[in-house]
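So you can see what is in the structure, the chains are spelled out below.
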Amino acid sequence: MKKIIHITALLVVAYLMNSFVLRSGIMKNALPDKTVEQRVDSLLALMTLEEKIGQMTLFTSDWEMTGPTLRATYKEDIRKGRVGAIFNAHTAAYTKELQRLAVEETRLGIPLLFGYDVIHGYKTIFPIPLGESASWDLTAIEQGARVAAIEAAASGLHWTFAPMVDIARDPRWGRISEGAGEDTYLGSAIAVARVKGFQGTGFDNTDAVLACAKHYAAYGAAQAGRDYHTVDISEQVMREVYLPPFKAAADAGVWTFMNAFNEWNGIPATAHDYLLKDILKWEWAFPGFVVTDYTSINEMVPHGYASDYKHAGELSVNAGVDMDMQGAVYYNHLADLVREGKVKESRIDDAVRRILRMKFMLGLFEDPYRFSNAEREKRLIMAPEHLAAARDMARKSLVLLRNEKQLLPLPKTMKTLAVIGPLADSKVDMLGNWSAAGDAKDCVTLLEGIRTKLQGSTQIIYEKGCNVDGTDRTGFAKALAAAKKAQVILVAVGEAGWMSGEAASRTDISLPGVQEDLVKALIATGKPVVVVLMNGRPLTIPWIADNAPAILETWFAGTQGGHAISDVLFGDYNPSGKLPVTFPRNVGQIPLFYNPKNTGRPMNPNDKYTSKYLDAPNTPQWPFGFGLSYTTFEYSDLKTDKKEFDRNETVTISVKVANTGQYDGEETAQLYVRDLVGSVTRPVRELKGFQKVFLKKGESKVIQFKLRADDLRFYNADLQFRAEPGDFDLWVGSHSDATLGTRIVLTR
Ligand code: NOJ
């Protein structure tokens, strides 16, 4: 009875205020022509402070948890209107069940927002993001995110905590696997592709989810590659290296941002006024909302930045953090902070406005269940076209690192093939980390892929040989016996899926356990050995790099991984992937990336007092941008249409690329630039463009790049973003050590 009186009173208020829906099912969108902003304002006017704070609160369901706190009371909290968003709850049925609590059992019936870490696929799992990035194929990457969004949206999700756009120059950091690698230009382009893929053309067709640019900012610059560690970098580096992918995501229309766990120069990102208010919300005019990374508000206490949770909440909300993920700090303390005058209610209104805007935009007030659709879920999840897209993306992500005497591709006519290694028949590792609702049993292993490909024509002898880690060598004997019977040996080694991702930093990034010894023993048989690597980060494998005749980097290739790798191994697909990250020779070289500064004493092998090591070269094992093909490409005739240009002109750079080998193939031509003298020093080279070009055997094409003064801007000592007149060297080629170059001059 009390409830009916409440509802009636609210309907009257809504009517009087010329407002609209309060409870789906009771009253539908009364004023459909009102703009979202007006609708948000109307609703806001009806909300109590506690209800507003509810909208700023995100809790995990009990299905999964990705951090230390689990709230057992989340269903009660939904009923009380004290939580506005839930994560780690998915499937049409479960999201409907929870949505019903919000819509039918709360005073205002405001629908919930459902979020989840849909990072590289929902159920159809694509290669890990670092692997996808190795394709340098923006269309395919966008398509990967599209498929993920279509599946996730059918299962009731509105929001993914992706893309991770953190630049990562330290392979010890496990989360390097989740991003686009070390380069800002490539990373920005990929950030845009992923945002476009997740958010599609909008939410009219329920085939899109809100994307989230994370982790803002510079999470990848953690000292010593240790997760959650301190970040201490100059503002120039922040603005030039780490922020551009976030800015690109914002410009592409990403609707949400997640703050990082780390501090920047002494202030945790969760309360960083300058990052959140000045840059994101003011300079970039970001209209969406900012969510914390898990309990990052609470973590400001151990950071030594807040005296207790309440203080931490005050700092973060005032800095512009709109939603508290799982920490329950806003839930417990925000109302008091407002009553005490430490937080203005206008700030709360701003945050709630940003959140409600999304719920209106998603159409949840018209139909709160529109995303949770069992029929669509059944029809779309793992649809044949999604599996085909995952296989295609996986093939494009593979990087051929070595291929002596054209050992690859292998003939399909071999009599016997040995397939060895702890990762050769592992389904779960194929998923990699952050595999959402992906199911290991749906994964095609390398062994299964090869068996399907060779269809009984070749005798395949499989032996695991050893585990990924540990010291057990008892499987070596059987592996060697199998190897001796075979014409060719394939050995799949690397990391287990869980060894990269969050909280998975390593100090030794060589092959874990006794795997390298297994590879050595197989190579010692004198038989041709193909090493198939599976890993979430660059590995240090100098011995294998020098001694294995063929090496294929496959990352964690996803649901269709085994098919995709087999397509490449047996020549049905000519590999075209290029490393999005440098592979060092040893951990001591880290951080090692292609675009450092030159120093005043650049390396000279004949001069001891230059910048180098006594015990290792400066050069990497494999440079950024590197990747072989079964064919060969040659670059020539590099020309610019002008030698001198000013800030209003565009330089056209042209180069001839020829396929000089025996296969049709795709090349990624890369343009690098060096600003020779600057008012602050500039990197030795910087990627400024890339193009994928498909060439039939014997074919050649002239391709063009355009360059303007704006592309040459950087932050000077006064933090002005400007290009400076002077000489610029250019190179075009197949990786970051390209040697075909010329010089141009920016005159003014
Ligand atoms: C912590 C991770 O850092 C973040 O990337 C993720 O989205 C959240 N947990 C939620 O799972």
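Small disclaimer: the values here were computed from a predicted structure and weren't measured.

Here we look at the side chain of Arg172
Within the element layout of this structure, Arg172 appears in the loop between strand 4 (159–160) and helix 8 (184–199). Judged by relative accessible area, Arg172 falls into the buried class, the value being 17%. Among the polar contacts made by the side chain of Arg172, one reaches the main-chain carbonyl oxygen of Ala224 at a distance of 3.4 Å. Leaving out residues up to four positions away in the same chain, Arg172 has contacts with Ala224, Gly225, Ala504, Ser505, Arg506, Ile509, Arg537, Val587 and Ile590.

Some details on unusual backbone geometry
That bond from Tyr216 to Ala217 is cis: its omega, 0°, falls within 30 degrees of zero. With respect to the helices and strands, the residue Ala217 is situated in the loop between strand 5 (212–216) and helix 9 (235–242). A cis amide bond links Ile590 to the next residue, Pro591, at an omega of 0°. Counting through the fold element by element, Pro591 comes out in the loop between helix 22 (561–569) and strand 17 (633–640). Positioned with a positive phi, Trp136 is a non-glycine residue whose angle comes to about 50°. Its location among the elements puts Trp136 in the loop between helix 6 (129–133) and helix 7 (138–154). What makes Trp136 buried here is its relative accessible area of 1%. Here Asp637, not a glycine, exhibits a phi torsion of approximately 55°, which is positive. Note on Asp637: relative accessible area 44%, which makes it partly exposed.

Re the sheet that holds strand 19 (residues 650–659)
On the basis of which strands lie adjacent, the open sheet formed by three strands has the order 17-19-22 and antiparallel pairing. One side of each edge strand has no neighbouring strand; the edge strands of this open sheet are strand 17 and strand 22 (700–708). The sheet shows a mean angle of 25° between the axes of neighbouring strands, taken without regard to direction. Both strand 17 and strand 19 contribute to a ladder of six bridges, which runs antiparallel. Bridged to Phe633 within strand 19 is Asn659.

Regarding the sheet that holds strand 6 (residues 256–259)
Pairing in this open sheet of three strands is parallel, and the strands run 5-6-9 from one edge to the other. Bordering the open sheet on either side are strand 5 and strand 9 (289–291), each of which pairs with just one other strand. With direction set aside, neighbouring strand axes in the sheet form an average angle of 25°. Examined bridge by bridge, strand 5 and strand 6 share three bridges and lie parallel to one another. Looking at strand 6, one finds that Ala213 is bridged to Phe257. Against the sheet, helix 10 (residues 244–251) touches strand 5 and strand 6, its axis set at about 155° to strand 5. Strands in contact with helix 11 (residues 273–283) are strand 5, strand 6 and strand 9; relative to strand 5, the strand with the most contacts, it is inclined by about 145°.

Some remarks on the nonpolar core
Counting 195 residues, the largest nonpolar core has Tyr216 and Phe257 as its most contacted members. Counting contributing residues per domain, this core is built from domain 1 (1–114 + 344–373) and domain 2 (393–589), each supplying no fewer than three. Apart from the residues within four sequence positions on either side, Tyr216 is in contact with Leu243, Phe246, Phe257, Met258, Asn259, Ala260, Ala269, Leu275, Leu276, Ile279, Leu280 and Trp284. Listed in part, the 24 residues of the second largest apolar core include Tyr635, Val673, Val693 and Ile703.

Section: the pattern of salt bridges
A full pass over the atoms with the stated rule returns 53 salt bridges. Between Asp572 and Lys453 there is a salt bridge whose closest N-O contact spans 2.6 Å. Remark: Lys453 occurs in helix 18 (residues 446–454) and Asp572 occurs in the loop between helix 22 and strand 17; sequence separation between them is 119 residues. Look at Asp572 and you get partly exposed, because its relative accessible area is 38%. Lys453 sits in the buried class, given a relative accessible area of 19%. Where Lys642 meets Asp641, a salt bridge forms, and the shortest distance between an N and an O atom there is 3.1 Å. A residue is classified by how much of its surface remains accessible, and Lys642, at 22% relative accessible area, is partly exposed.

Overview of the pairing of strand 15 (residues 529–534)
Among the six residues in strand 15, six count as buried, and that is most of the element. Of the two faces of strand 15, the one lined by Val529, Val531 and Leu533 and the one lined by Val530, Val532 and Met534 are each fully buried. In this sheet, strand 15 lies alongside strand 14 (residues 488–494) in parallel orientation, the contact comprising six bridges. Counterpart to Gly494 in the pairing with strand 15 is Met534. What joins strand 14 to strand 15 is helix 20 (residues 515–524), and the crossover it makes is right-handed. In this sheet, strand 16 (residues 550–553) lies alongside strand 15 in parallel orientation, the contact comprising four bridges. Within the sheet, the bridge partner assigned to Leu533 lies in strand 16 and is Glu553.

Re the packing of helix 7 against helix 16 (residues 384–397)
Here helix 7 crosses helix 16 at 145°, and the two axes come no closer than 10 Å. Relative to helix 16, the crossing made by helix 7 is left-handed. For the pair formed by helix 7 and helix 16, the contact residues are Ala140, Ile141, Val147, Ile150 and Glu151 on the first element and His386, Ala389, Met393 and Lys396 on the second. Of the residues assigned to the contact of helix 7 with helix 16, the class counts are six nonpolar, one polar and two charged.

How each quantity is defined
- Residue positions are given per chain, counting from 1 as you read along its sequence in written order.
- Only residues with pLDDT of 70 or above have their local features reported here, since the model is predicted, and side-chain atom pairs are shown and tallied only from 80 upward, although totals for entire chains, interfaces and linings are computed over all residues.
- In computing side-chain values, all of the structure's heavy atoms are included and hydrogens and water are not.
- A helix here means a DSSP run of H or I that spans at least four residues, while a strand means a run of E at least two residues long, and both kinds are numbered starting from the N terminus.
- Each residue's exposure class comes from its accessible area (1.4 Å probe, protein chains only) as a fraction of the maximum for that residue type: buried when under 20%, exposed when over 50%, partly exposed otherwise.
- Two N or O atoms count as a polar contact when they lie within 3.5 Å, although within protein this holds only if one can serve as hydrogen donor and the other as acceptor, and sequence-adjacent residues are included solely when both atoms are side-chain atoms.
- Contacts: residue pairs with any heavy atoms within 4.5 Å of one another.
- When DSSP locates at least two bridges between a pair of strands, those strands are taken to pair.
- Lines fitted to the C-alpha atoms define the axes, with helices restricted to the stretch that makes contact. Angles between their N-to-C directions range from 0 to 180 degrees.
- Only buried Ala, Val, Leu, Ile, Met, Phe, Trp, Tyr and Cys residues count toward a nonpolar core, and they belong to the same one when joined by side-chain atoms within 4.5 Å.
- Domain start and stop points were drawn from an automatic or database domain assignment.
- Here a salt bridge means any side-chain nitrogen of Lys or Arg lying within 4 Å of a carboxyl oxygen belonging to Asp or Glu.
- Seen with the strands pointing away from the viewer, any crossover whose path from the first strand over the helix to the second strand runs clockwise is right-handed.
- Two helices cross in a left-handed way if the nearer one is turned anticlockwise from the farther one by less than a right angle. They cross in a right-handed way if the turn is clockwise.
- Each residue is assigned to one of three groups, with Ala, Val, Leu, Ile, Met, Phe, Trp, Tyr, Cys and Pro labelled nonpolar, Asp, Glu, Lys and Arg labelled charged, and all others, Gly among them, labelled polar.

Purely geometric numbers; function is a separate question.
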